[in-house]
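Observations on the model geometry
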Amino acid sequence: MSAITTVIAVLPVTTDNVPRYLTSCHLIVSMMTDNTNFPTPTPPLGEVSESLDALRADEELARKGGKGMVKLRDVALRKVHNKMSMLRAYVQSAANAEP
């Protein structure tokens, strides 16, 4: 009898530490770039990278204490989290499709 292997796609556990979250997200994008197992990611990796860059810039401004920068950073963080969730769904779909 053969065992059934189940693959479960996951994201970084928390967004509390934005620099660590960014590092994890960049690693995911890097590992997916030019990966033949993920030919057409949704959203496109370039779009995700742009959002990550925007979040990094907003995080730097928030750390400097600019007025309203934390809220701006939090909006960017939510956008990145949503895009990473869509990527997770894409990866899970690809994993489920493999025999």
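Being a predicted model, the structure only gives us computed values, none of them experimental.

**Observations concerning the overall build of the chain**
The helix and strand inventory of the chain stands at three helices and zero strands. In sequence order, the secondary structure elements of the chain are arranged as α-α-α. Viewed in the frame of its principal axes, the chain has a C-alpha envelope of about 60 × 25 × 15 Å. Every one of the 99 residues in the chain was classed for burial, and the buried ones make up 31%.

**Points about the confidence of the model for the chain**
Within the chain, residue pLDDT values average 91, and 96% of them lie at 70 or more. Mean pLDDT across the elements of the chain ranges from a minimum in helix 3 (residues 69–97), with 94, to a maximum in helix 2 (residues 45–64), with 96.

**Some thoughts on the nonpolar core**
In this structure, M32, L52, L55, V80 and M84 are the most contacted members of the largest nonpolar core, which totals 21 residues. Of all elements in the fold, only helix 1 (18–32), helix 2 and helix 3 reach the threshold of two or more residues within this core. When residues of this core are assigned to their parent elements, the largest contribution, eight residues, is made by helix 3. Once residues lying within four places of it in the same chain are set aside, the contact partners of L52 are L22, C25, H26, V29 and V80.

**Quick look at the side chain of R73**
With respect to the helices and strands, the residue R73 is situated in helix 3. With near-sequence residues (within four places) excluded, R73 lies in contact with V18, L55, D58, E59 and A62.

**Observations concerning the pattern of salt bridges**
Where charged atoms from two side chains of opposite charge approach closely, those side chains can pair. A full pass over the atoms with the stated rule returns four salt bridges. With a shortest N-O distance of 3.4 Å, E47 and K83 are connected by a salt bridge. Remark: K83 occurs in helix 3 and E47 occurs in helix 2; sequence separation between them is 36 residues. In this structure E47 comes out as partly exposed when scored by relative accessible area, which is 34%. Relative accessible area serves as the criterion here: at 17%, K83 is assigned to the buried category. When the shortest N-O distance is used, the salt bridge between R73 and D74 registers 2.8 Å. Via salt bridges that share partners, E59, R63, R73 and D74 belong to a single interconnected network.

Procedures and definitions
Residues numbered from 1 in each chain as written. Predicted model: local features only at pLDDT ≥ 70, side-chain atom pairs only at ≥ 80, totals over all residues. Heavy atoms only, no water. Helix = DSSP H or I, 4+ residues; strand = E, 2+ residues; numbered from the N terminus. Buried < 20%, exposed > 50% of the residue type's maximum accessible area, 1.4 Å probe, protein only. pLDDT = per-residue confidence, 0-100. Core = buried A, V, L, I, M, F, W, Y, C linked by side-chain atoms within 4.5 Å. Contact = heavy atoms within 4.5 Å. Salt bridge = Lys/Arg side-chain N within 4 Å of Asp/Glu carboxyl O.

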